Amino acid sequence: MKHYEISLNTKKMLAASLKKFMAKKPFSKITVSELIADCDINRNTFYYHFEDIYALLRWMLETEAIEVVKQFDLITDYEEAINFVMDYVEANDHILNCAYDSIGREEMKRFFYPEFTGIISSLIQSAEENFHLKLEDDYRQFVTEFYTEAIAGILINWLKDGSSRNREATVRFISETMRKSLNGILAPEPG
């Protein structure tokens, strides 16, 4: 087995252990000692792969959801991508709520922010190419931050009170808002 495969398997094993402990207790109470004992690895192996438990959580979330979303063609498949993320949130409700309860809303947003920024930036770039237009750099940055904040906030709200929301309507609202507002931003001005 190659080094990369061994490393990936170790990371997956640690992520599975983290999930197991998150089902039992608050994220802030989980220790590296518990994880390494559960996985039967040494402390150095953990720190070779991750700076701390937060880095393991970030890797787990990125690997399981955000990296998959990046595989979608967001111009044509953004509804599928939104549904995938909502499926992930629903399937991992206890883990995400455990993280949220331990680290809070702002820290949770910080976890998702870099990845969402990259996804939204790609979406805007693709839309620019479709319209054969180019936004000013500072305006593109503003629009990217605007959508990132909005979507991260919506998904965190969904995490905290999704059962009280209509999922289909939420997906439709996000999709329509993205499509209509991007079209409005990028459509050539008349005349």
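Before reading further, recall that the structure is shown in the block above.
Residues numbered from 1 in each chain as written. Predicted model: local features only at pLDDT ≥ 70, side-chain atom pairs only at ≥ 80, totals over all residues. Heavy atoms only, no water.

## Quick notes on the environment of cysteine 39
Here is step 1 of the chain: Mapped onto the fold, cysteine 39 is located in helix α2 (residues 32–39).
Here is step 2 of the chain: Here the alpha-carbon distance between cysteine 39 and serine 17, two residues 22 residues apart in the chain, equals 7.0 Å.
Here is step 3 of the chain: Those residues in contact with cysteine 39 that lie beyond four places of it in its chain are Met13, Leu14 and Ser17. (Helix = DSSP H or I, 4+ residues; strand = E, 2+ residues; numbered from the N terminus. Contact = heavy atoms within 4.5 Å.)

## Quick word on α2
Here is step 1 of the chain: Every buried residue of α2 is listed here: Val32, Leu35, Ile36 and Cys39. Taken end-on, α2 shows its buried residues confined to a sector of 95°, consistent with a single buried face.
Here is step 2 of the chain: Looking one or two residues beyond α2, the residue adopting positive phi is aspartate 40, at roughly 55°. (Buried < 20%, exposed > 50% of the residue type's maximum accessible area, 1.4 Å probe, protein only. Arc of directions from axis to C-beta.)

## Some thoughts on the packing of helix α1 (residues 3–22) against α2
Here is step 1 of the chain: Close contact between α1 and α2 brings their axes to 9 Å; oriented N to C, the two are set at 120°. The pairing of α1 with α2 is recorded here as oblique in orientation. Crossing hand, α1 versus α2: right-handed. On α2, the residues that touch Met13, Leu14, Ser17, Leu18, Lys20 and Phe21 of α1 are Glu34, Leu35, Asp38 and Cys39.
Here is step 2 of the chain: Each residue belonging to the contact of α1 with α2 can be placed in one class, and the counts come to six nonpolar, one polar and three charged. (Axes fitted to C-alpha atoms, helices over the stretch in contact; angles between N-to-C directions. Parallel < 35°, antiparallel > 145°, perpendicular 65-115°, else oblique. Left-handed = near helix turned anticlockwise from the far one by under 90°. Nonpolar A, V, L, I, M, F, W, Y, C, P; charged D, E, K, R; others polar.)

## Some remarks on the side chain of histidine 49
Here is step 1 of the chain: Tracing the backbone shows histidine 49 in helix α3 (residues 43–49).
Here is step 2 of the chain: With residues up to four places along the chain from it excluded, the contact list for histidine 49 reads Ser7, Thr10 and Lys11.

## Brief notes about the packing of helix α7 (residues 137–161) against helix α8 (residues 167–186)
Working note: a packed helix pair is described by the angle between its axes plus the distance between those axes.
Here is step 1 of the chain: Here α7 crosses α8 at 175°, and the two axes come no closer than 12 Å. Taken together, α7 and α8 sit at an angle that is classed as roughly antiparallel. Together, Tyr139, Val143, Tyr147, Ile151, Ile154 and Trp158 of α7 and Arg167, Thr170, Ile174, Met178, Ser181, Leu182 and Ile185 of α8 make up the contact between the two elements.
Here is step 2 of the chain: Here the residues of the contact of α7 with α8 are counted per class, giving ten nonpolar, two polar and one charged.

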